[in-house]
Amino acid sequence: MDTTFPLTAGLIASILHVIAGPDHLAAVAPFAIESKRKAWKIGLFWGVGHLVGMIAIGLLFAIFKEIIPVEEISMYSEQLVGVVLVGIGCWALYRIFKKRKRHKHLHVHAENDPVIHSHEHRHDHNSSHHHVHSEKLKQNNLASFSVGILHGLAGISHFLLFLPVLGFETQSDSIAYVIGFGAGILVAMVTFAFVIGKVSSIAKNGHSDMFFNGIRMAGGLFAIVIGIYWMFSF
């Protein structure tokens, strides 16, 4: 049986769910901006975390509905999302304004031509240095995954997106819809994070510090504003 329609329906529903949620975009943007070329991983980790959170709250609702106050868990998760968004925004602004020991030198990246630019390094007593890129990227990926889980836990309204499953005549159609939904979440956020990271990378590699910091500030303020709204709207 042709499962193209339920697959496509799930894909579209989840993409709209992601891009129509300002809290989703606000959570990912600051991490994507800082990660630049690897920003797509931020979107991927958030998407996987979001799916894990949705599955978790769904299982709680289905199995322990009479025992565990799932609705209250979801409501408090929504408020916690707001707190976390404010924290992410403040972290983004802090990274802009904190004082760093920086110096200019000839620095070669494999994907770019040699250029002289400012670059953060960690120095040891042997006067040598090594990059902290990988460590920071792993931290950002983990943070994005954690926030994605929180977003998945927040909102019983997620179940409304699965109501079409009840309308399909066959189990294969229902499964196709769920697969499309999961894929759509990943595609939407990976694409968003990739675009944000690409713009950030262009600004940074072009040595336009004002433009780059402007992007970072916009991402941080966006997260703070949405976070404050989320804290007091539930």
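What you are looking at is a predicted structure, and each value in this text was computed from that prediction instead of being measured. (Residues numbered from 1 in each chain as written. Predicted model: local features only at pLDDT ≥ 70, side-chain atom pairs only at ≥ 80, totals over all residues. Heavy atoms only, no water.)

**Thoughts on the packing of helix α2 (residues 22–35) against helix α7 (residues 171–205)**
Two numbers describe how α2 lies on α7: the axes approach to 9 Å, and their chain directions differ by 40 degrees. As the angle between them shows, α2 and α7 are arranged oblique. Regarding α2 and α7, the two cross each other, and that crossing is right-handed. Only Met 189, Phe 192, Ala 193, Ile 196, Gly 197 and Ser 200 of α7 make contact with α2, whose side of the interface consists of His 24, Leu 25, Val 28, Ala 29, Ala 32 and Ile 33. Its residues placed into classes, the contact of α2 with α7 shows nine nonpolar, three polar and no charged. (Axes fitted to C-alpha atoms, helices over the stretch in contact; angles between N-to-C directions. Helix = DSSP H or I, 4+ residues; strand = E, 2+ residues; numbered from the N terminus. Parallel < 35°, antiparallel > 145°, perpendicular 65-115°, else oblique. Left-handed = near helix turned anticlockwise from the far one by under 90°. Contact = heavy atoms within 4.5 Å. Nonpolar A, V, L, I, M, F, W, Y, C, P; charged D, E, K, R; others polar.)

**What about the environment of Val 225?**
The topology assignment puts Val 225 in helix α8 (residues 209–232). Val 225 sits 140 residues away from Leu 85 along the chain, and the two C-alpha atoms are 8.5 Å apart.

**Structural notes on the pattern of salt bridges**
For the coordinates displayed, the defined rule picks out two salt bridges. Here Arg 95 and Glu 34 are joined by a salt bridge, their closest N and O atoms 3.1 Å apart. Placement of Arg 95 in helix α4 (residues 70–97) and of Glu 34 in helix α2 is noted, with a sequence separation of 61 residues between them. Among the residues examined, Arg 95 registers a relative accessible area of 12% and is labelled buried. Residue class for Glu 34 comes out buried when judged on its relative accessible area of 12%. Salt-bridge contacts for Glu 34 lead to Arg 216; the nearest nitrogen and oxygen are separated by 2.8 Å. Here the residue Glu 34 occupies a position in helix α2, and Arg 216 occupies one in helix α8, the gap between them amounting to 182 residues. A relative accessible area of 6% places Arg 216 in the buried class. Bridged by salt links that share partners, the residues Glu 34, Arg 95 and Arg 216 form one connected network. (Salt bridge = Lys/Arg side-chain N within 4 Å of Asp/Glu carboxyl O. Buried < 20%, exposed > 50% of the residue type's maximum accessible area, 1.4 Å probe, protein only.)

**Here we look at the nonpolar core**
By size, the foremost hydrophobic cluster in this structure holds 27 residues, and its most contacted members are Val 18, Val 28, Trp 46, Val 81, Leu 85, Ile 185 and Met 189. In contact with Val 18, other than residues within four places in its own chain, are His 24, Leu 25, Trp 46, Ile 185, Ala 188 and Met 189. (Core = buried A, V, L, I, M, F, W, Y, C linked by side-chain atoms within 4.5 Å.)

**Focus on a nonpolar patch on the surface**
Together, Leu 11, Ile 12, Leu 16, Ile 19 and Val 187 make up a nonpolar patch on the protein surface, roughly 420 Å² of accessible area in all. Top element by residues in the nonpolar patch is helix α1 (residues 4–19). It accounts for four residues. Along the chain, Leu 11 turns up in helix α1. (Patch = residues over 30% accessible without salt bridge, like charges linked within 9 Å, V, L, I, M, F, W, Y side chains within 5 Å. Areas by Shrake-Rupley, 256 points an atom, 1.4 Å probe, with all protein chains shown as cover.)

**Observations regarding the UniProt feature "transmembrane region" (unreviewed entry) in the chain**
Feature annotation in UniProt assigns "transmembrane region" (unreviewed entry) to the following positions: residues 44–64, 76–97, 142–163, 175–199 and 211–232. A helix fraction of 100% and a strand fraction of 0% characterise residues 211–232, whose end C-alpha atoms lie 32 Å from each other. (UniProt positions renumbered as here; feature names shortened; annotations may be inferred.)

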